[in-house]
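# Topology and contacts: notes
Residue-level listing of the chains:
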Amino acid sequence: MYDFPSYSILAALLAVIVLTYLRILRGISYTGGVPRVGPDGVLGYFLTALHYTFDAETIILKGRADFGNKPFVIPTLSGPVFLLGPEYLGVVRSSSDDVFNEPVAVSEDLQLPFTMDVHQMENPYQASVLRTDVNRAIPAFIPEILEESTLAMNETLCSSSGDNSVTLPVFDTMTHLIARISNRVIFGIELCRNPHFLHAIVRFAETITLIAPFIRWSPRIIQSPVYITLSSLLGGKKEPLSFIVPYLKKLKKELKSKAQDEPLIAEFLVRAAPPDESIGGIAMRLMNINFGSIHTSSIFITQALFELAQLPQQEIDDIREEVKAALESEGGWTKTALLKFKKIDSALREVGRVYGLMHFALPRVSMRGHDLPDGKRIPPGHRVAIDMKAVHFNPEIYIDPNRCDLFRFSKLRELEGNDSKYGFATVDSHYLPFGAGRHACAGRFFAAMELKIMLAHILLKYDLSFPPGISHRPANMQFNGAIIPDTKAQMVFTVRV
Ligand code: HEM
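To keep things clear, this report deals only with the structure shown in the data block. Only a predicted model underlies this, so the values are computations on that prediction, with no experimental measurement involved. Residue positions within a chain follow its written sequence, with the count starting from 1. Residue-level local features of this predicted model are given only where pLDDT is at least 70; pairs of side-chain atoms are given and counted only at 80 or more, and the full residue set underlies all totals for whole chains, interfaces and linings. By convention in this description, side-chain values take in all heavy atoms of the structure and omit both hydrogens and water.

The interhelical angle for the contact between helix H7 (residues 125-156) and helix H20 (residues 444-461), taken along N-to-C directions, is 30 degrees, at an axis separation of 9 Å. As far as their axial angle goes, H20 and H7 are roughly parallel. As for how H7 packs across H20, the hand of that crossing is right-handed. Between H7 and H20, the residues in contact are Val134, Asn135, Ile138, Phe141, Ile142, Ile145, Leu146, Ser149, Thr150, Met153 and Asn154 and Phe445, Phe446, Met449, Glu450, Ile453, Met454, His457, Ile458 and Lys461, respectively. Gly is put with the polar residues, along with every residue not named as nonpolar or charged; the nonpolar set is Ala, Val, Leu, Ile, Met, Phe, Trp, Tyr, Cys and Pro, and the charged set is Asp, Glu, Lys and Arg. Here the residues of the contact of H7 with H20 sort into 13 nonpolar, five polar and two charged. To define axes, lines are fitted to C-alpha atoms, for helices over the stretch in contact only, and angles between the resulting N-to-C directions are given on a 0 to 180 degree scale. The numbering of helices and of strands both runs from the N terminus, where a helix is a DSSP run of H or I of at least 4 residues and a strand a run of E of at least 2. Angle categories are assigned with fixed cut-offs, so that under 35 degrees is roughly parallel, over 145 is roughly antiparallel, 65 to 115 is roughly perpendicular, and the rest are oblique. For any helix crossing, the convention is left-handed if the near helix is rotated counterclockwise from the far helix by under a right angle, and right-handed if that rotation is clockwise. Here, residues are in contact when the closest pair of their heavy atoms is within 4.5 Å.

Here it is in structure tokens:
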């Protein structure tokens, strides 16, 4: 007699191993000639892929050391990735989705069929709305973002016990602030100040990048249970949807009679929706916008604060003076005043250059296959990406590239003819944190506006430092190619008198 439950668990485990093996076999059996990082064979692939999952930087540096600037294959648990050097940027950037496809890559990376829905990538009008209505509304958003930043920071960064200092975990604090402040103009005052909604939307946005890889690594037949289990533990779409769907039903009714007094991103999306779009479909696009905003901006502001806390006092005072002068000359917080915050803008751009979100840029799926100049071939259906560090740390472009110099770009902008170059949201061939080409980040001008207001407000109102005994910025963490600031690290915010 055998013990039935343990026998079936064993059988299930065996099936998972066989199916996973079959899935990565495609990567192992590739014979197109592009060399692979790490030892040969199945075990070599698997061990390198595991190493990549927790330390992508070392694997990419090894590939570059072994193969120079030539394309090479990185084994990952989701399949092989063809990492291309800067000279391939032009071809990937300018290719249509028929050649190098972005929506398919996003859908795979975020596992959209499970974590959100799949049909939003068939007609991604949320990106067009961001590029048109939302960008045009930025000047109108500024007073609201400022008001929400001031209120939220007064509540969060000021001690309730009367002390003038608080010590807080930076990443978590900034994530909640970004969620509240962004949602002031996505859904309006009521939802953005609802702590239950904020909790649900932060959990959703912050755990997608954790849940999605596990779904992707799982054999197809168990992907659904993997999503259900992980989302019930970590937070999925169900809870935020329970706030957004009723909100949208009400908004739709109200919009029939009149426009909102304040512009809202939710309103733009409702108006842009095709007639057959369901409320659930619009809600999911707004969740995608929330993900795009919360996940990325919280990382950028945390990295910026870690770097700012290390600056000499004089340099912090110089930033404050520049902000004050801009506000004075423009009569307050306007779009033109924000353009004059060049030191803060430069700090954000430098954080993007040195850290960014990922070790690579422009992840795409090769649809037709691609012949490389040396006769080697990337087969159809395989993943390509641009080696972002090779671009951002190129000593011919960036002097002393390994140094994080927050004023690198503001100094460059002082040179004649450079004033309109090197803005935080300006994408060019040497700067890829927002991607490039037709799919370059649709929310980057919104992100720049929000981050500049938040950082300027923090610097004017608070002194920043690390807790006693800590003099250096905390080291980053890595997961599956992503660069994540230490999520436990704390900083001291002291109200300036
Ligand atoms: C510092 C903040 C941000 C960073 C670093 C960032 C980065 C990126 C990157 C790397 C891409 C992919 C581009 C490509 O593959 O070529 C992207 C796309 C996108 N981002 Fe952002 N993002 C940020 C903020 C935002 C915000 C605030 C929103 C929404 C309000 C947003 C919405 C989007 C959308 C909708 C796309 C897809 C564009 C398309 O496929 O056409 N992002 N972003």
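Still more ground to cover, so stick around.
Attention now moves to unusual backbone geometry. Phi at Tyr422 is positive, roughly 65 degrees, even though this residue is not glycine. With respect to the element layout, Tyr422 can be found in the loop between helix H19 (408-414) and H20. For Tyr422, a relative accessible area of 22% translates into the label partly exposed. The backbone of Asn480 sits at a positive phi, close to 55 degrees, despite the residue not being glycine. Each residue is placed in one exposure class: buried if its accessible area under a 1.4 Å probe, protein chains only, is under 20% of its type's maximum, exposed if it is over 50%, and partly exposed if it falls in between.

Let's shift gears to the side chain of Arg413. In this structure, Arg413 sits in helix H19. Overall, the relative accessible area of 12% leaves Arg413 in the buried class. If near-sequence neighbours (up to four positions away) are discounted, Arg413 is found in contact with Lys342, Asp345, Asn418, Asp419, Lys421, Tyr422 and Gly423.

One donor from the polypeptide reaches the iron atom of the ligand: Cys441 (SG), at 2.3 Å. Here Cys441 shows up in the loop between H19 and H20. Donor atoms (N, O, S) are those found within 2.8 Å of the metal centre, with the cutoff raised to 3.2 Å for Na, K and Ca; water is not part of the atom list, so apparent gaps in a site can occur.

The next subject is helix H2 (residues 41-54). Each full turn of the α-helix corresponds to 3.6 residues, which orients residues three or four apart in the same direction. One fewer than the residue count of a helix, multiplied by 1.5 Å, yields its expected span. The end-to-end C-alpha distance of H2, which contains 14 residues, comes to 21 Å, matching closely the 20 Å that a straight helix rising 1.5 Å per residue would cover. Every buried residue of H2 is accounted for by Gly44, Tyr45, Thr48, Ala49, Tyr52 and Thr53.

This part covers the packing of helix H8 (residues 170-186) against H20. Between H8 and H20, whose axes approach to 11 Å, the crossing angle comes to 125 degrees. The orientation of H8 relative to H20 falls into the category oblique. Seen along the crossing, H8 lies across H20 with a hand that is right-handed. Of the residues in H20, those in contact with Met174, Leu177, Ile178, Ile181, Ser182 and Val185 of H8 are Phe446, Glu450, Leu451, Met454 and Ile458.

The next subject is the packing of aromatic side chains. What characterises a pair of aromatic rings is the spacing of the ring centres plus the angle enclosed by the ring planes. Side-chain rings of Phe, Tyr and Trp (the six-membered ring for Trp) are treated as a pair once their centres are within 6.5 Å; stacked means planes under 30 degrees apart, edge-to-face means over 60, and tilted covers the remaining angles. On inspection of all chains with the given rule, the structure shows 19 aromatic pairs. Within the aromatic cluster, the residues linked to one another by ring pairs are Phe54, Phe214, Trp217 and Phe479. In this structure, Arg353 packs its charged tip against the face of Tyr398, placed 4.9 Å from the ring centre. Note on geometry: a ring has a charge over it if NZ (lysine) or CZ (arginine) is within 6 Å of the ring centre and within 35 degrees of the ring normal.

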